[in-house]
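Below are the chains, spelled out letter by letter.
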Amino acid sequence: MTSPVTSYVIEADGGSRGNPGPAGYGAVVKDASDGQVLAEAAEAIGVATNNVAEYRGLIAGLRAVLDLGGDGARVAVRMDSKLVVEQMAGRWKIKNEGLRPLAAEAGTLVRRLRVTEWTWIPRERNSHADRLANEAMDAAAKGLTWKAGGTTGGDTPAPGTPAPGAAASGAAAPAAGSGARASGTGAARPAPTSGRQTDLLDAGDISELSAPTASVATAQARSTGTAKGTGWAPPTRVATSLLLLRHGETELSLERRFSGLGDAELTANGLAQASAAAARLSRDPYRLDVVVTSPLKRARQTAQAVADQAGVEVEVLEELREADFGDWEGHTFTEVQRRWPAELTAWLADPDMAPPGGESFAETARRVEAARERLVERYEGRTVLAVSHVTPIKLLLRDALLAPLQALYRMHLDLACLSLIEYYADGPAVVKSFNDTSHLR
């Protein structure tokens, strides 16, 4: 029986706790005219990546619309996954072979419908689908199965669960508002406070901060065979992995000259360094969800080399540019020391001092910290590669270590080096690696 509704809205999401790790999706179908919830779907899908889970959420939503409205139904699709939205809209190529079958399956369903829009929305506007995905993952972690209205384990209905005949796990089911539950008690659960990682660190888990615990670290354990159990981890994991890659060699870096906002290109050796980093980051345990880069050419060239192998798009983030060295741009340290001795001495002694016509480390820190906050919030629970420069990378590491700005003068970063910071759901950050150049040997 077809629905009297003439147009629908799909909101879909997916998440992975570890990426790859225990994953699940959620989808909600609404009446486009008044926002009434018509169907919900959610399912835990075992170990998968965020992108796989997001595609599965889309597919579930498309199937739900076909069940409700039949072939030819009008539908708008809204997701906080820019990758899925852009790929399904045909604006981005699908480079990851693992996503091609899912995109093809979604495409088959799309051709039976009239999709009027593919829209990226911020995560806060996708909270319903995000909550459903987390409910499915939470239920699976307890050995239960998500169902609209309640969660069951095996064939025994949980208290408060609808009578037999209600939708099975992963199937669309009529819903009133957002009343789906994921506990066997039938009591409503509060909406998760974070998209892919819903729980904070317990006091007893603080000691885990120094151990490999999630995202890249979890994948490392899995790839080396050290991960144990069912794959469902306790909900005290890292929210976001931020990999920091310095760009490859340029003529200015080769000659040890100040290189700030000047748009130098990579040398042949720099391109080889970028290629070596790309080869490393395309293998386990690295599963990149996002590649962001400084707008400067040397960083963009490095980022593109990685993105091409990882099968993801590159996002330019202005705040990741190098510090502006002003009048010192292109000069060697010795040349600056001879021409601007007093200014150089002041700059080396005080992070609030700027080179003539340039930018102080304190000023650079403010924009870099704003970029970090945006990345951690937007890509929570994912693995992000940020390709940048010496100063922004040092500032991010310093911030994670709660070190003073003067710590910048005590750090050294090689060309094309890799560092890793992992951000936990309750705020702490842990530096897991620093100035790693093993891929260049």
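Residues numbered from 1 in each chain as written. Predicted model: local features only at pLDDT ≥ 70, side-chain atom pairs only at ≥ 80, totals over all residues. Heavy atoms only, no water.

1. Considering the environment of Arg-100
Looking at the element boundaries, Arg-100 is found in helix α3 (residues 100–110). Once residues lying within four places of it in the same chain are set aside, the contact partners of Arg-100 are Ile-94 and Lys-95. One polar contact links Arg-100 to Glu-97, side chain to side chain, over a distance of 3.0 Å. (Helix = DSSP H or I, 4+ residues; strand = E, 2+ residues; numbered from the N terminus. Contact = heavy atoms within 4.5 Å. Polar contact = N/O pair within 3.5 Å; in protein donor to acceptor, adjacent residues only side chain to side chain.)

2. Focus on the packing of aromatic side chains
Within this structure, the stated rule accounts for eight aromatic pairs. With centroids separated by 6.4 Å and ring planes inclined at 85°, the aromatic side chains of Phe-325 and Trp-347 adopt a geometry described as edge-to-face. One end of the pair, Phe-325, is in the loop between β10 (314–316) and α9 (333–339); the other, Trp-347, is in helix α10 (residues 341–349), with 22 residues separating them in the sequence. With a relative accessible area of 7%, Phe-325 lands in the buried category. A network of ring pairs unites the aromatic residues Phe-258, Phe-325, Trp-328, Trp-340, Trp-347, Phe-361 and Tyr-409 as a single cluster. (Phe/Tyr/Trp six-rings, centres within 6.5 Å; stacked < 30°, edge-to-face > 60°. Buried < 20%, exposed > 50% of the residue type's maximum accessible area, 1.4 Å probe, protein only.)

3. Some remarks on the sheet that holds strand β5 (residues 114–120)
With mixed pairing, five strands are arranged side by side in an open sheet as β3-β2-β1-β4-β5. Bordering the open sheet on either side are β3 (37–48) and β5, each of which pairs with just one other strand. Put simply, the sheet's adjacent strands are angled 15° from each other on average, direction ignored. With nine bridges joining them, strand β1 (residues 7–16) and strand β2 (residues 21–31) adopt antiparallel strand pairing. Pairing of Val-9 across the sheet is with Lys-30, part of β2. (Pairing = 2+ DSSP bridges. Axes fitted to C-alpha atoms, helices over the stretch in contact; angles between N-to-C directions.)

4. Quick notes on the layout of surface pockets
A volume near 940 Å³ is recorded for the largest pocket. Considering the residues around the largest pocket, the lining is formed by 28 residues, among which Arg-246, Arg-256, Arg-257, Val-390 and Lys-394 are closest to the centre. Of the residues assigned to the lining of the largest pocket, the class counts are twelve nonpolar, nine polar and seven charged. (1 Å grid on protein atoms, 1.4 Å probe; cavity = no way out; pocket = protein on both sides within 12 Å on 5 of 7 lines; lining within 4 Å. Points joined across faces, edges and corners; volume = space filled by probe spheres on them. Nonpolar A, V, L, I, M, F, W, Y, C, P; charged D, E, K, R; others polar.)

5. Things to note about the side chain of Asn-51
Note that Asn-51 resides in helix α1 (residues 50–69). Look past the residues within four positions of Asn-51 in its chain and what remains in contact with it is Leu-83, Leu-99 and Asp-289.

6. Section: the UniProt feature "binding site: substrate" (unreviewed entry) in the protein
Within the UniProt annotation, "binding site: substrate" (unreviewed entry) is assigned to Arg-298. Along the chain, Arg-298 falls in helix α8 (residues 297–310). What makes Arg-298 buried here is its relative accessible area of 1%. (UniProt positions renumbered as here; feature names shortened; annotations may be inferred.)

7. A short note on the pairing of strand β4 (residues 74–79)
Direction of pairing for β1 relative to β4: parallel, over a ladder of six bridges. In the sheet register, Ile-10 faces β4, and the bridge partner there is Val-77.

8. Structural notes on the pattern of salt bridges
Throughout the structure, instances matching the rule amount to 26 salt bridges. Note that Lys-95 is salt-bridged to Asp-308, the shortest N-O span being 3.5 Å. Residue Lys-95 is located in the loop between α2 (82–88) and α3, and its partner Asp-308 is located in helix α8; the two are separated by 213 residues in the primary sequence. Residue Lys-95 is classed as partly exposed on the basis of its relative accessible area, which comes to 32%. Note that Arg-257 is salt-bridged to Glu-335, the shortest N-O span being 3.3 Å. Here the residue Arg-257 occupies a position in the loop between α6 (251–254) and α7 (268–281), and Glu-335 occupies one in helix α9, the gap between them amounting to 78 residues. Relative accessible area serves as the criterion here: at 27%, Arg-257 is assigned to the partly exposed category. Bridged by salt links that share partners, the residues Glu-54, Asp-80 and Arg-382 form one connected network. (Salt bridge = Lys/Arg side-chain N within 4 Å of Asp/Glu carboxyl O.)

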